[in-house]
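Residue-level listing of the chains:
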Amino acid sequence: MRLGLLLVAGVGYLLPAALSSYQTFEFTQVFIYAVALLGLNILIGYNGQFSLGHGAFYAIGAYTTAIMTTRWDIPYGWAIIAAGALSLVVGFLFGLPALRFEGLYLALATFALALATPQVLKYFDTWTGGSQGIVLDKPSVPLGLPISADQYLYYLSLTVLVILLLLAHNLLRGRAGRAITAIRDNPIAAEAMGVNAALYKSLTFGVSAMYTGIAGALGALAVAFVAPDTFSAFLSINFLVGSVVGGVASISGAIFGGAFIEFVPTYAQEISRAAPWAIFGLTLIIFMYVMPTGVAGLIRRVAAALARSMASEQPAPDSQTAAAEAAEGNRGSARAVLGKPD
Amino acid sequence: MAALLEASNLEAYYGWSKVLHGLRFAVEKDKVTVVLGANGAGKTTLLRAISGMIRTGGEIRFAGERIDGQAPEDIVRRGIAHVPEGRGTFINLTVEENLRLGAYVRKDKTGIREDLDRVFHFFPVLKEKSRNPAGVLSGGEQQMLALARGLMLRPRLLLLDEPSLGLAPVLVMELFRIVRAINESEGVTVLLVEQDAVAALELAHQAYLLETGSIVTSGPAAELRENDSIRRSYLGY
Ligand SMILES: Nc1ncnc2c1ncn2[C@@H]1O[C@H](COP(=O)(O)OP(=O)(O)OP(=O)(O)O)[C@@H](O)[C@H]1O
Ligand SMILES: [Mg+2]
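Residues numbered from 1 in each chain as written. Chains lettered and ligands numbered in written order. Predicted model: local features only at pLDDT ≥ 70, side-chain atom pairs only at ≥ 80, totals over all residues. Heavy atoms only, no water.

Looking at the overall build of chain B
Phase 1: Counting its secondary structure elements, chain B contains ten helices and ten strands.
Phase 2: Taken against the 2.2 N^0.38 rule, which gives 18 Å for 237 residues, the C-alpha radius of gyration of chain B at 17 Å falls within 12% of a compact globule.
Phase 3: Summarising its shape, the C-alpha atoms of chain B cover approximately 45 × 40 × 35 Å along the three principal directions.
Phase 4: Within chain B, buried positions represent 56% of all 237 residues.
Phase 5: Long-range pairs, those at least 24 residues apart, make up 67% of the contacts in chain B between residues at least 6 apart in sequence.
Phase 6: When the accessible area of chain B is evaluated, it comes to approximately 9,900 Å², of which 48% is carbon and sulfur surface.
Phase 7: Charged side chains of chain B number 29 positive and 30 negative; the gap between the two group centres comes to 4 Å. (Helix = DSSP H or I, 4+ residues; strand = E, 2+ residues; numbered from the N terminus. Rg over C-alpha atoms; globule rule 2.2 N^0.38 Å. Buried < 20%, exposed > 50% of the residue type's maximum accessible area, 1.4 Å probe, protein only. Contact = heavy atoms within 4.5 Å. Areas by Shrake-Rupley, 256 points an atom, 1.4 Å probe, with all protein chains shown as cover. Lys, Arg positive; Asp, Glu negative; His and termini not counted. Charge placed at Lys NZ, Arg CZ, Asp CG, Glu CD.)

Notes on the coordination of the magnesium ion (ligand 2)
Phase 1: Protein ligation of the magnesium ion (ligand 2) involves B:Thr44 (OG1) and B:Glu85 (OE), the donor distances falling in the range 1.9 to 2.1 Å. Of this pair, B:Thr44 sits in helix H1 (residues 43-50) while B:Glu85 sits in the loop between strand S6 (80-83) and helix H3 (95-102), placing them 41 residues apart in sequence. (Donors = N, O, S within 2.8 Å, 3.2 Å for Na, K, Ca; no water.)

Quick notes on unusual backbone geometry
Residues and elements named next belong to chain B.
Phase 1: Located in the positive-phi region is Asn 9, a residue other than glycine, with phi close to 50°.
Phase 2: Mapped onto the elements, Asn 9 comes out in strand S1 (residues 3-14).
Phase 3: With a phi close to 50°, Ala 63 is a non-glycine residue in the positive phi region.
Phase 4: Within the element layout of this structure, Ala 63 appears in the loop between strand S4 (55-62) and strand S5 (65-66).
Phase 5: The exposure class assigned to Ala 63 is partly exposed, which follows from its relative accessible area of 37%.

Some words on the environment of B:Gly111
Residue and element names in this part refer to chain B.
Phase 1: You can see Gly 111 is positioned in helix H4 (residues 109-122).
Phase 2: In this structure the C-alpha to C-alpha distance between Gly 111 and Arg 156, which are 45 residues apart in sequence, comes to 16 Å.
Phase 3: Here Gly 111 is in contact with Arg 106 and Arg 154, once residues within four sequence places are set aside.

Side note on the sheet that holds S1(B)
Residue and element names in this part refer to chain B.
Phase 1: One open sheet accounts for four strands, arranged S2-S1-S4-S5; its pairing is antiparallel. Each edge of the open sheet carries a strand with a single partner, namely strand S2 (17-28) and S5.
Phase 2: Bridging between S1 and S2 involves nine bridges; their strand directions are antiparallel. Bridging from a neighbouring strand, Ala 12 pairs with Leu 20 of S2.
Phase 3: Running over the sheet, H1 touches S1, S2 and S4 and is turned about 110° from S1. (Pairing = 2+ DSSP bridges. Axes fitted to C-alpha atoms, helices over the stretch in contact; angles between N-to-C directions.)

Let's talk about helix H7 (residues 169-186) of chain B
Residues and elements named next belong to chain B.
Phase 1: Along its 18 residues, H7 runs 25 Å from first to last C-alpha, staying within 8% of the 26 Å computed at 1.5 Å per residue.
Phase 2: Listed in full, the buried residues belonging to H7 are Val 172, Leu 175, Phe 176, Ile 178, Val 179, Ile 182 and Asn 183. All buried residues of H7 lie within an arc of 155° about the axis, which places them on one face of the element. Facing away from the buried surface of H7 by more than 90 degrees, the exposed residues are Val 170, Arg 177, Glu 184 and Ser 185.
Phase 3: In this structure, the buried side of H7 is in contact with strand S3 (32-37), H4, helix H6 (139-151), strand S7 (157-161), strand S8 (189-194) and helix H8 (197-203).
Phase 4: Residue Gly 187 follows H7 closely and has a positive phi angle near 65°. (Expected span 1.5 Å × (residues − 1). Arc of directions from axis to C-beta.)

Interpretation note: all reported values are geometric properties and have no functional meaning in isolation.
Right under this line is the structure:
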């Protein structure tokens, strides 16, 4: 994990030199989506709860930032933090009653949230600017750094992503992470261990919403514009797609998923202007077929197989293979979550 | 003799349906008590009632204090470990992570570390596989894990729900030998619910017989072993 993170950060920080300004913007979006998907992965992959409504939290983050920076002249840094905090609270509160629902019922309850979002945004037009939306100023480059505004947003998003990746890693590795995963694996046994399942589920929902809300804040800054129809139910479904394609029960999967939902629709457009979504759908099916545990799952399998073959070449300590296998088995859960027996 | 756990007029409900009908029983300190009963008698329900996982009526006292109506985490904190029916393995977590969940409500890091070593001493197979996902363990190993996970609480009372389920007779004997050792050397009081009456009465000091939510017989385990009707219906000889 540490190695992977260093790699992402290293490549990420050097990349803009080689990118056109449009590509810089595209990668900024990848990072932003990755932050959103990270939230969804914690919820779906680790805690076993579904959401078809995370677009709503993305919208909350985006509008919080738009309103705070344009109406109240609050610096965008504070707006991002406020967006995360507000999403956390709303997610937690939504979680309290909604989590009485399980599985498909929760999926539908959250879908209702996604459906309502654009209309709610239009309804409160004194705040949100209605259908017109709100135009934001792009953050200016601080300290007179010799980079463009788009490059600055790129670095900002990447930095936030790295921080939130580390945070997720630490959260999931410790005591809280064990409790979150235990609830997914066996809620009754988790309760028998003294884990307050209801509280943890709501908290996880809140943390998940916080991630997606922060992503929404960055998204608003990157695009410099928010409008209700950007936050349709389609966005929520797109998040779910990215999350599953990347690998729900993984942290790194969020980055692959982010790349998928950013790039695949564009390429689908290039292949067929008439039916891009058919191409998108086909790609999706191929991905699911080839990588049933997501891109991250595939990478882990390959890594585990490599470790095993290396271990068998030089009769290495058994524990190494065991650990590699453990790492692999640990993530088979993506399928379990989706109700497909492994 | 002092009772560590006492229940009187204990009722338990799933929704509106009442499953336990006013039980009275006691679990003596430092002893092994067994509750025998057929499928659907209410054994699992009885343990869930003690753990605060379902709605109850009547009174439950642990070490003299009322615990009925309290939240499961508060009951666990008092030192009541529940080894649930069907093992309750967290299949995607490693063996060690499973064990650490047993100590979830504890905060003393060094004590937890010590107790890990202690349960690895009781169950060497778990040490070997400590970094494997628990889902790949065999049924017997998972039962060992469930028991070990219960011990990680450093409990005063251990609730065991049909540990013999699905195990070969030799393994049941092995497991019960370990339970006896834990009871004797660690001073852990045990409340066991079982269908395997032969093995359970061998292990236990005190026994109760549960039928459709009511206790019909009780007494020292040695006496129940000699009881004709129990022999016919539960021991089969
Ligand atoms: N979740 C539940 N909802 C409703 N009724 C339940 C539930 N669990 C158990 N019951 C009912 O409660 C009664 C007692 O069940 P319980 O699981 O306690 O039996 P048991 O003695 O543990 O049986 P077994 O030996 O098969 O595990 C049964 O009639 C069962 O149908
Ligand atoms: Mg039972």
